[in-house]
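Architecture at a glance
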Amino acid sequence: MLRLRLAALLGSLILCAQALAADVDAKTYGFPITNPFEATIATTPPDLRSTLPADNDVDQTDYDLKLRPERELPDNFWPVKKLRYRLARQDHPAPLIFVIAGTGGRYDSSHAEYLKKLFYGAGYHVVQLSSPSSYDFMAAASRHATPGLSTEDADDLYRVMQAVRAQHPKLPITDFYLTGYSLGALDAAFVSHLDETRRSFNFKRVLLLNPPVNLYTSITNLDRLVQTNVRGVTDNTTFYQLVLGKLTRYFQQKGYIDLNDALLFDFQESRQRLSNEQMAMLIGTAFRFSSSDIAFTSDLINRRGLITPVGFPINERTNLTPFYERALQCDFDCYITEQLIPFWRARYDGGSLNQLIQQVSLYALTDYLKQNNKIAVMHNADDLILGPGDLGYLRRTLGDRLTVFPHGGHCGNLNYRVNGDAMLEFFRG
């Protein structure tokens, strides 16, 4: 009896050990940037990035989908009346990976381009999709143009994926895979859950890269960065003038202007490097621009009159600067309060902010994530979008399907070759 109990105990300990998250050791990881702000902005030094095919070696084309022909948009919205996406195709039967961009990101954003080349070089067809929170997706594909309700955003994405597949009936596809980064990772989780009932793709594997756990915590973290006190910013010197002055002095010392992928890493190695406060402000400002795009586009399409007066004539000659300046005053919390929650309550009889947070975050999928072994998460211990307890939630929910890298900030190590190898290993099974 004692022997049986010992055997059972050892067996349970082994199972527990197998269920532990894979925490990558900082000493052996080798990613050189330990500052999360710097990693987020500069990403991986060029000589440590994955080896990728050149643009000319990728058989790729941009395509359009007309999904909302009934939607009336101002004349100057003509570039986004159709949804554009990018398909990179192999010349042989191959699995296809959908890549969903992060907050406000278009299908051709830098992270999506990197992932496309990584997977294409490994033999996959790749489809790059804009985020449901991007102005082009909101205008051309979203049914309600009010992003932030994860189930609704996933439904819109799923319809786009089905339309992409229908547009290429002769593309030889062996299996379907799915990934996304940042907000696109959260979207991918909800899309995967939706596919369990609709079964258009039967995704073989789904990889979530740096997803928000609590969506409200993540956007609050990013919104706060723009409120950082920055030395050198005064009533007479704006933050943008400060950064532009640093860049100007950097190029003067360098002797020439070289705008390439290595710019920010080299810049941070120079005497003109940005401080933590300045980098925080830069990241927060980029997020604020995304938030204002969402607020402006959602208000305009739905004619809510919060930013653009209802019925105001807009054409290609209209000066949109006053409206965009008004939108810049509205952070993501403002968008949630003024547009998302009222829409949610009117259409779905929604309740409190806390109830909304539960519905749009990974919490809503806890049981699904626990039980589905085809889903994995890769995250960074120092990611700016994580809050207290977020990594603990992922550890409890995913076990050994969670990989935690010690450094990288928010998506700053996606193009590190160690991470690239780990992604490919996951999809190969």
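Our structure is the block above this text.
Now for a look at the structure at hand. Bear in mind that the values here come from a model prediction, so they are computed numbers and not experimental data. (Residues numbered from 1 in each chain as written. Predicted model: local features only at pLDDT ≥ 70, side-chain atom pairs only at ≥ 80, totals over all residues. Heavy atoms only, no water.)

Before going further, it helps to spend a moment on the state of the cysteines. Evaluation of the coordinates by the stated rule reveals one disulfide. Each sulfur in the disulfide pair C330 and C334 lies 2.0 Å from the other. Taking the sign of the S-S torsion, -100° for the link of C330 and C334, the bridge is left-handed. You'll find C330 and C334 in the same group, each marked buried. (Disulfide = S-S within 2.5 Å. Buried < 20%, exposed > 50% of the residue type's maximum accessible area, 1.4 Å probe, protein only.)

Turning our attention to the pattern of salt bridges. According to the stated counting rule, one finds 16 salt bridges in the structure shown. Residue D155 pairs with R159 through a salt bridge whose shortest N-O separation is 2.9 Å. Taken as a pair, D155 and R159 lie in helix α6 (residues 150-167) at a separation of four residues, close to a single helical turn. In this structure, D175 and K204 form a salt bridge, with 3.9 Å as the shortest nitrogen-oxygen distance. You can see D175 sitting in strand β6 (residues 173-181) and its partner K204 sitting in the loop between α7 (183-198) and β7 (205-209), a full 29 residues away along the chain. With relative accessibility at 46%, the residue K204 sits in the partly exposed group. In this structure, a network of salt bridges that share partners links the residues R143, E152, D155, D156, R159 and R198. (Salt bridge = Lys/Arg side-chain N within 4 Å of Asp/Glu carboxyl O. Helix = DSSP H or I, 4+ residues; strand = E, 2+ residues; numbered from the N terminus.)

Not every positive phi belongs to a glycine, and R199 is a case in point at roughly 60°. Mapped onto the secondary structure, R199 falls in the loop between α7 and β7. Classification of R199 as partly exposed rests on a relative accessible area of 46%. Even without being glycine, R303 reaches a positive phi, approximately 55°. Of note, R303 is situated in the loop between α11 (276-302) and α12 (321-328). Judged by relative accessible area, which is 46%, R303 ranks as partly exposed.

What follows deals with the side chain of S130. By the element assignment, S130 lies in the loop between β5 (125-129) and α5 (135-140). With relative accessibility at 2%, the residue S130 sits in the buried group. A polar contact is formed between the side chain of S130 and the backbone nitrogen of Y107, at a distance of 2.9 Å. At 2.8 Å, the side chain of S130 forms a polar contact with the side chain of D136. The residues contacting S130, other than those within four sequence positions of it, are R84, A101, G105, R106, Y107, D136, F137 and L157. (Polar contact = N/O pair within 3.5 Å; in protein donor to acceptor, adjacent residues only side chain to side chain. Contact = heavy atoms within 4.5 Å.)

Another point: the side chain of R86. By secondary structure assignment, the location of R86 is in strand β3 (residues 83-88). Only 2.6 Å separates the side chain of R86 from the side chain of D62, close enough to count as a polar contact. At 2.8 Å, the side chain of R86 forms a polar contact with the side chain of E113. Ignoring sequence-local partners within four residues, the contact set of R86 consists of Q60, T61, D62, Y107, D108, E113, K116, V126, V127 and Q128.

Of all hydrophobic cores here, the largest spans 89 residues; its most connected members are F98, L129, M161, L178, F203 and L394. Of all the elements, α11 adds the most residues to this core, at nine residues. One finds L48, A88, M378 and L424 within the second-largest nonpolar core, a separate group that totals 33 residues. (Core = buried A, V, L, I, M, F, W, Y, C linked by side-chain atoms within 4.5 Å.)

Applying the stated criterion to the full structure yields four cavities of 30 Å³ or more. Within this model, the largest cavity holds a volume of roughly 80 Å³. The wall of the largest cavity is formed by G148, L215, Y216, I219, F332, I336, L340, L353, L356, I357 and V360. Breaking the lining of the largest cavity down by element, the ones donating at least two residues are α8 (215-225), α13 (332-348) and α14 (353-360). Ranked by residue count, the leading element in the lining of the largest cavity is α14, at four residues. Its residues placed into classes, the lining of the largest cavity shows ten nonpolar, one polar and no charged. (1 Å grid on protein atoms, 1.4 Å probe; cavity = no way out; pocket = protein on both sides within 12 Å on 5 of 7 lines; lining within 4 Å. Points joined across faces, edges and corners; volume = space filled by probe spheres on them. Nonpolar A, V, L, I, M, F, W, Y, C, P; charged D, E, K, R; others polar.)

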